[in-house]
Amino acid sequence: MAIVAVHCAKTITVAASSNDLLRTCVRLLLPGLIRFVARISPRLDDGSLSEQNNASIEEVWRAFSALIALTTAEQRTRVLSIILPTVTLLLRPSQSPPSSAHSSAVTQLLSFATLSPVNFKEATAQLDSDIRETLELSIRKAVEGPSAASQTPRPQISLRSF
């Protein structure tokens, strides 16, 4: 049932670009979307996150992306300051292999960073240090990839010239 509600919220957010009434609805829906992600996050730790929950999370990310696209450049930092801690709730950088929710959250963060780098940097600077560290570590691991973390120094032969 949650996926239907989240899909409707995303649809309203996408349609809100040309309608002031729908923009007001989006503002009212945002706390519900945040609450949904907050309620889902403990399921990552106990392993009870279902495929339907993952699909719902993907819809929430799409709604957040639509919301970011809907806002003006001046408002984007403020909106990202609300959304980034929410996305960070699903990050588990120490978990190996990363869960699908973690991977989709990192992908979403990279999308936000690419869409408006200055606003993303400003919003990240406003985060609490624990949240910022989790976010930075997750992004760093994703950008470096699994090969960088698993590489061990190889023995090298040093040749001397006579």
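Residues numbered from 1 in each chain as written. Predicted model: local features only at pLDDT ≥ 70, side-chain atom pairs only at ≥ 80, totals over all residues. Heavy atoms only, no water.

(A) A look at the overall build of the protein. Along the backbone of the protein there are eight helices and zero strands. Each helix (α) and strand (β) of the protein, taken in turn from the N terminus, gives the series α-α-α-α-α-α-α-α. Every one of the 162 residues in the protein was classed for burial, and the buried ones make up 37%. Of the roughly 10000 Å² that the protein leaves accessible, carbon and sulfur atoms contribute 57%. (Helix = DSSP H or I, 4+ residues; strand = E, 2+ residues; numbered from the N terminus. Buried < 20%, exposed > 50% of the residue type's maximum accessible area, 1.4 Å probe, protein only. Areas by Shrake-Rupley, 256 points an atom, 1.4 Å probe, with all protein chains shown as cover.)

(B) A look at the nonpolar core. The biggest cluster of nonpolar side chains holds 36 residues, and the ones touching the most others in it are Trp61, Phe64, Leu84 and Phe112. For this core, the elements supplying multiple residues, two or more each, are helix 1 (2-15), helix 2 (20-40), helix 4 (51-70), helix 5 (73-88), helix 6 (100-115), helix 7 (117-125) and helix 8 (129-150). Among the elements that line this core, the one with the most residues is helix 4, at eight residues. Every residue in contact with Leu84, bar those within four places of it in the chain, is listed here: Leu109, Phe112, Phe120, Ala123, Thr124, Leu127 and Leu135. (Core = buried A, V, L, I, M, F, W, Y, C linked by side-chain atoms within 4.5 Å. Contact = heavy atoms within 4.5 Å.)

(C) Seen up close, the side chain of Lys10. Relative to the elements of secondary structure, Lys10 occurs in helix 1. For Lys10, a relative accessible area of 16% puts it in the buried group. Residue contacts for Lys10: discarding those within four places in its chain leaves Glu59, Arg62 and Ala63.

(D) Quick look at helix 2. Counted at 1.5 Å a residue, the expected span for helix 2 with its 21 residues is 30 Å, and the 30 Å between its end C-alpha atoms agrees. At Leu29, helix 2 is bent by approximately 30°, the largest bend along its length, and proline Pro31 sits one to four residues beyond. Turning to helix 2, its buried residues number three or more, namely Val26, Leu30, Leu33, Phe36, Val37 and Ile40. Buried residues along helix 2 sit in contact with helix 1, helix 3 (42-46), helix 4 and helix 5. Between a side-chain oxygen at the N-terminus of helix 2 and the backbone nitrogen of Leu21 the separation is 2.9 Å; the capping residue is Asn19. (Expected span 1.5 Å × (residues − 1). Bend = angle between axes of the 7 residues up to and from the residue. Polar contact = N/O pair within 3.5 Å; in protein donor to acceptor, adjacent residues only side chain to side chain.)

(E) Inspection of the packing of helix 2 against helix 4 at higher detail. Between helix 2 and helix 4, whose axes approach to 11 Å, the crossing angle comes to 145°. The handedness of the crossing between helix 2 and helix 4 is left-handed. Every residue of helix 4 that contacts helix 2 at Arg23, Val26, Leu30, Leu33, Ile34, Phe36, Val37 and Ile40 is listed here: Asn53, Ser56, Ile57, Val60, Trp61, Ala63, Phe64, Leu67 and Leu70. Looking at the contact of helix 2 with helix 4 residue by residue, the class counts come to 14 nonpolar, two polar and one charged. (Axes fitted to C-alpha atoms, helices over the stretch in contact; angles between N-to-C directions. Left-handed = near helix turned anticlockwise from the far one by under 90°. Nonpolar A, V, L, I, M, F, W, Y, C, P; charged D, E, K, R; others polar.)

(F) Structural view of unusual backbone geometry. In this structure, the amide linkage connecting Ser96 to the following residue, Pro97, adopts the cis form with an omega of -5°. With respect to the helices and strands, Pro97 occurs in the loop between helix 5 and helix 6.

(G) View of the pattern of salt bridges. Per the stated rule, a full pass over the model turns up three salt bridges. In this structure, Lys10 and Glu59 form a salt bridge, with 3.7 Å as the shortest nitrogen-oxygen distance. With Lys10 in helix 1 and Glu59 in helix 4, this pair connects stretches of sequence that are 49 residues apart. A residue is classified by how much of its surface remains accessible, and Glu59, at 11% relative accessible area, is buried. Linking Glu59 and Arg62 is a salt bridge whose minimum nitrogen-to-oxygen distance equals 2.5 Å. Residue Glu59 and its partner Arg62 are both found in helix 4; the two are separated by three residues, about one turn of the helix. Residue class for Arg62 comes out partly exposed when judged on its relative accessible area of 41%. (Salt bridge = Lys/Arg side-chain N within 4 Å of Asp/Glu carboxyl O.)

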